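# Structure assessment
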Amino acid sequence: FTHKLSGLRDRWFVFDSALVILIVLETWVMTSILFVIGDGGFAGNMAVLRVARVLRLCRMARMARLLREVPELLILIKGMIAAARSVFFTLCLLAIILYIFGIAFTQMVGKIMVDEFGTVLTSMHTLLLDGTLLDGAGDVVRSITSHHPGIAGSLYVCMFYIFILLGALTVMNMLIGVICEVVN
């Protein structure tokens, strides 16, 4: 605004200013008064001001204006809503694969590699982060081969690679494909 008083003509500015004043009154001024007075009965009358908190939710009405001005955002949101069911079942499939391989790795290497595969839950966590999201797949492979040299270690590494093919490459790419198909 070129002139400060021109801001009072904008309804959104006035609304936001009123909300800020109410928030400051409720949070700082009324809390200070209650602390000085120390009267519990006066605090019961403060319930009326709690209704003012609901007015803060009205600021979400600005999102409608944003969606009108940026229609691409609305397209993305509609696509996410349309893809929600397919994404849910894709993530369920990933959870089933994580559970199956979590049990297998706990049984095979859980006694020696307790930090990574000690329980089924820690195995699933390791597989999710290091096998599906590929956060540290090389570290897990090196750890498996250092704890299990020979043919057994190679078998466990091959099983970990199979999990990467299923979890990271197949299921996660299916997830991306489902989202892309719905958005189109």
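Our subject is the structure that appears above.
Attention now moves to the side chain of Ser 123. Position of Ser 123 relative to the elements: it lies in helix H7 (residues 120-132). Every residue in contact with Ser 123, bar those within four places of it in the chain, is listed here: Gly 102, Phe 105, Thr 106, Glu 116, Phe 117 and Gly 118.

A word on the packing of H7 against helix H9 (residues 151-183). Running from amino to carboxyl end, H7 crosses H9 at an angle of 70°, the nearest separation of the two axes being 9 Å. With respect to each other, H7 and H9 are oriented roughly perpendicular. Across the interface between the two elements, Leu 127, Asp 130, Gly 131 and Thr 132 of H7 pack against Phe 160, Phe 163, Ile 164, Gly 167, Ala 168 and Met 172 of H9. Partitioning the contact of H7 with H9 into residue classes produces six nonpolar, three polar and one charged.

Looking now at unusual backbone geometry. With phi around 55°, Leu 134 is a residue other than glycine that occupies positive phi space. Positionally, Leu 134 belongs in the loop between H7 and helix H8 (137-147). Judged by its relative accessible area of 43%, Leu 134 is partly exposed.

For H8, the complete set of buried residues consists of Ala 137, Val 140, Val 141, Ser 143 and Ile 144. Looking straight down H8, one finds that the buried residues subtend no more than 160° of arc, so they occupy a single side. Exposed positions of H8 whose direction lies more than 90 degrees from the buried face are Arg 142 and Ser 146. Contacts made by the buried residues of H8 are with helix H5 (71-109), helix H6 (114-117), H7 and H9.

About the cut-offs
Residues numbered from 1 in each chain as written. Predicted model: local features only at pLDDT ≥ 70, side-chain atom pairs only at ≥ 80, totals over all residues. Heavy atoms only, no water. Helix = DSSP H or I, 4+ residues; strand = E, 2+ residues; numbered from the N terminus. Contact = heavy atoms within 4.5 Å. Axes fitted to C-alpha atoms, helices over the stretch in contact; angles between N-to-C directions. Parallel < 35°, antiparallel > 145°, perpendicular 65-115°, else oblique. Nonpolar A, V, L, I, M, F, W, Y, C, P; charged D, E, K, R; others polar. Buried < 20%, exposed > 50% of the residue type's maximum accessible area, 1.4 Å probe, protein only. Arc of directions from axis to C-beta.

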